[in-house]
Amino acid sequence: PRGGPEGLPQDPEYFPVQLSKFPSSPADIVELVQSSGPRIPLKTKQFCSGLAVRAKRIIDKDFENELTIAEVAGKLHTSNSVLSREFKRSYGLSPVAYRIQLRVMDSVRLMLLDNMNVSDAAFTSGFGALSSFNRQFRRKLATLPAHYTV
């Protein structure tokens, strides 16, 4: 389990913010999260299926590794399609999108808290190629990873 600064949520959340400047330190991130508007947990329903919860635990534990969603489904003795459907119903995004989001956010943490450079953060977070990392980073955060290096 990875730790982080106190004051940040333990579970992934969306929160609306207006950035006038990019956070440049862990304290800036904590302040941004704490001063944000209402937080929206990464689920769309009050009830999450047991299958989705178990899949999320596996993904949370191994998101940096090359474990495929098919392997997660195999561990849970279900099909890819059933797993994907239940996960999306419970959390509002596919297992693949969730894993990518975890990897991107972990890379931000590594760059800000551990002072890693962009390529080391990308590979440590589980991305297999720097081009894929840059593409996903821009899609999720609408900026370049270099803005998060100290």
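Above: the structure in question.
A quick note: this is a predicted structure, and the numbers were derived from the prediction, not measured. (Residues numbered from 1 in each chain as written. Predicted model: local features only at pLDDT ≥ 70, side-chain atom pairs only at ≥ 80, totals over all residues. Heavy atoms only, no water.)

Engineer: An account of empty space enclosed by the protein is needed here, citing residue identities and associated values.
Structural biologist: Under the counting rule described, the total for this entry stands at one cavity of 30 Å³ or more. Of the voids in this model, the largest cavity is the one considered here, and its volume is about 30 Å³. Forming the boundary of the largest cavity are Ile59, Asp62, Phe63, Leu67, Ile69, Val72 and Arg99. Of all elements in the fold, only helix 2 (50–62) and helix 3 (69–75) reach the threshold of two or more residues within the lining of the largest cavity. (1 Å grid on protein atoms, 1.4 Å probe; cavity = no way out; pocket = protein on both sides within 12 Å on 5 of 7 lines; lining within 4 Å. Points joined across faces, edges and corners; volume = space filled by probe spheres on them. Helix = DSSP H or I, 4+ residues; strand = E, 2+ residues; numbered from the N terminus.)

Engineer: Give me the lowdown on the nonpolar core, citing residues and values where you can.
Structural biologist: Grouped together as the largest cluster of nonpolar side chains are 18 residues, with contacts concentrated most on Ala55, Ile59, Val72, Leu76, Leu83, Phe87 and Tyr98. Within the residue set of this core, elements represented by two or more residues are helix 2, helix 3, helix 4 (80–91) and helix 5 (95–113). With five residues, the top contributor of residues to this core is helix 2. Excluding anything up to four places from it in sequence, leucine 76 contacts Leu51, Arg54, Ala55, Ile58 and Leu83. Ile100, Val104, Leu110 and Tyr148 belong to the second-largest nonpolar core, a separate cluster that totals 13 residues. (Core = buried A, V, L, I, M, F, W, Y, C linked by side-chain atoms within 4.5 Å. Buried < 20%, exposed > 50% of the residue type's maximum accessible area, 1.4 Å probe, protein only. Contact = heavy atoms within 4.5 Å.)

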